[in-house]
Amino acid sequence: MSSEKGDIYSRLNNVKGTFFLRNVIPLLLLLIMASADAQQPFYIADPLYGSDPLLVNGRYYSFFPPSKTDGNQYLADSQFKKGSLTIRGETFSGLMLNYDIYNQHLLLAFRNNAGADNLIIISDAWLEKFRFSGMDFEMIYFQDTVKRIIQVIGSGPDRIGYIWKKNLEPDSFHGARYYSFSIPKKEMLYLSGDQMIRVRNNRTFIAALEEGKRKAVREYLERHRIKVRRAADRTMADVMDFCNSQGTK
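For clarity, every value in this text was computed on a predicted model and none was experimentally measured.

(A) View of the overall build of the protein. Of regular secondary structure, the protein possesses six helices and 14 strands. Pairs at least 24 residues apart make up 57% of the contacts formed inside the protein by residues separated by at least 6 positions. Carbon and sulfur atoms provide 53% of the accessible area of the protein, an area that totals close to 15300 Å².

(B) Expanded view of the packing of aromatic side chains. For the coordinates displayed, the defined rule picks out six aromatic pairs. On the basis of an interplanar angle of 80 degrees and a centroid distance of 5.9 Å, the ring pair of Tyr-99 and Phe-130 is categorised as edge-to-face. You can see Tyr-99 sitting in strand E4 (residues 90-100) and its partner Phe-130 sitting in strand E7 (residues 127-132), a full 31 residues away along the chain. For the pair formed by Tyr-99 and Phe-130, the shared burial category is buried. Taking the centre distance of 4.4 Å and the plane angle of 20 degrees together, the rings of Tyr-220 and Phe-242 count as stacked. Of the two residues, Tyr-220 is situated in helix H5 (residues 211-223) and Phe-242 in helix H6 (residues 233-246); the sequence distance between them amounts to 22 residues. For the pair Tyr-220 and Phe-242, a shared accessibility class is recorded, and that class is buried. Through successive ring pairs, a cluster of aromatic residues spans Phe-63, Tyr-102 and Phe-181. When the ring centre of Trp-126 is taken as reference, the NZ or CZ atom of Arg-88 above it lies at 4.0 Å.

(C) Structural view of the layout of surface pockets. What the second largest pocket holds in volume is close to 170 Å³. If you trace the second largest pocket, you find it lined by Arg-131, Gly-134, Met-135, Asp-136, Gln-151, Val-152, Ile-153, Gly-154, Ser-155, Asp-233, Arg-234 and Ala-237. Only strand E8 (135-142), strand E9 (146-153) and H6 provide two or more residues apiece to the lining of the second largest pocket.

(D) Just the pairing of strand E14 (residues 195-198), in detail. As judged from the four bridges shared by strand E13 (residues 185-192) and E14, these two strands associate in the antiparallel manner. Residue pairing across strands places Tyr-190 opposite Ile-197, the latter belonging to E14. The turn joining E13 and E14, which pair antiparallel and follow one another in sequence, is formed by two residues; a positive phi near 60 degrees is taken by Gly-193.

(E) Focus on the side chain of Asn-98. Among the secondary structure elements, Asn-98 is positioned in strand E4. For Asn-98, a relative accessible area of 1% translates into the label buried. Within the structure, the side chain of Asn-98 is placed 3.4 Å from the backbone oxygen of Gln-79, a separation counted as a polar contact. Once you skip the residues sitting within four places of it in the chain, Asn-98 turns out to touch Tyr-74, Asp-77, Ser-78, Gln-79, Phe-80, His-105, Leu-106, Leu-107 and Phe-132.

(F) Quick look at the pairing of strand E5 (residues 105-111). Taking burial as the measure, the seven residues of E5 include six buried ones, the bulk of the element. Strand direction decides the pairing type here: E4 and E5, joined by five bridges, are antiparallel. Paired with Leu-97 across the two strands is Leu-108, which belongs to E5. What sits between the antiparallel neighbours E4 and E5 is a turn of four residues, in which Gln-104 has the positive phi angle 60 degrees. Judged from the five bridges that link them, E5 and strand E6 (residues 117-122) form a sheet pairing that is antiparallel. When the bridges of E6 are listed, Leu-107 appears paired with Ile-121.

(G) Just the nonpolar core, in detail. Ranked by size, the top nonpolar core spans 44 residues in total, and within it Leu-85, Phe-130, Phe-205, Leu-221, Met-236 and Val-239 carry the most contacts. The element contributing the most residues to this core is H6, with six residues.

(H) Geometry of the confidence of the model for the protein. This prediction gives the protein a mean pLDDT of 80; 73% of its residues lie at or above 70. For the protein, helix H2 (residues 46-49) is the element with the lowest average pLDDT, namely 44, and helix H4 (residues 202-208) is the one with the highest, namely 97. Note that residues 23-50 has pLDDT below 50 and, in this model, 35 contacts with residues that lie over four places away or in other chains.

(I) Representation of the pattern of salt bridges within the structure. Within this structure, the stated rule accounts for seven salt bridges. In this structure, the salt-bridge partner of Asp-77 is Lys-81, at a minimum N-O distance of 3.2 Å. Taking the relative accessible area as the measure of exposure, Asp-77 reaches 31% and is therefore partly exposed. Residue Lys-81 is classed as partly exposed on the basis of its relative accessible area, which comes to 27%. In this structure, Glu-187 engages Arg-198 in a salt bridge whose closest nitrogen and oxygen atoms are separated by 2.3 Å.

What counts, and at which threshold
Residues numbered from 1 in each chain as written. Predicted model: local features only at pLDDT ≥ 70, side-chain atom pairs only at ≥ 80, totals over all residues. Heavy atoms only, no water. Helix = DSSP H or I, 4+ residues; strand = E, 2+ residues; numbered from the N terminus. Contact = heavy atoms within 4.5 Å. Areas by Shrake-Rupley, 256 points an atom, 1.4 Å probe, with all protein chains shown as cover. Phe/Tyr/Trp six-rings, centres within 6.5 Å; stacked < 30°, edge-to-face > 60°. Buried < 20%, exposed > 50% of the residue type's maximum accessible area, 1.4 Å probe, protein only. Lys NZ or Arg CZ within 6 Å of the ring centre and 35° of its normal. 1 Å grid on protein atoms, 1.4 Å probe; cavity = no way out; pocket = protein on both sides within 12 Å on 5 of 7 lines; lining within 4 Å. Points joined across faces, edges and corners; volume = space filled by probe spheres on them. Pairing = 2+ DSSP bridges. Polar contact = N/O pair within 3.5 Å; in protein donor to acceptor, adjacent residues only side chain to side chain. Core = buried A, V, L, I, M, F, W, Y, C linked by side-chain atoms within 4.5 Å. pLDDT = per-residue confidence, 0-100. Salt bridge = Lys/Arg side-chain N within 4 Å of Asp/Glu carboxyl O.

Structure follows, in structure tokens:
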């Protein structure tokens, strides 16, 4: 009788072992792989773009902040997100991008034909515009000499532009050996044709407009209680739509 019980327990253990091997271990492996993919979501499939020299032409990105640095150099965080860009009139979509606003670089992560992961800086000389994290950016000549990456809001002749940046400074709480990136800062610009005027508040924004639009836009801002320096992108898009609807008088 005891022998029969032993055989039954042995069979049960074998069944449990088989179930564990066939079901639990594969599930655990899938969870581990999913976790790894969640932490590194910034690769594009090479068969989609191959090694297009127009797209992957650029320098390898090798910026490393000082050790024990708080924060990061990016517009938001270190996670690459899907976006699109235009180079020499050709648009590429579904790319994994990030924007280093400390160094002013647009970064592209991809996997090459050999299966190696690469991280490059998109050439400023070739880049025309890109869309990333729900925002639109263009390469625009700043002060007629240097092309800068500028976030643009609005689709008419009058637009708003933002230049984003961060500072890297010694952390006064820990001493000079520690550093911290500042929060993202932006410089606001009014863009119209070849004009590029800095905007500090509602008054300087109104002053930048054509004279025939000023009264109507001032009343619009007052009616909706909008402070242009603190307004969200969607609000400023509505403001610029209103500006462009006024025409000139």
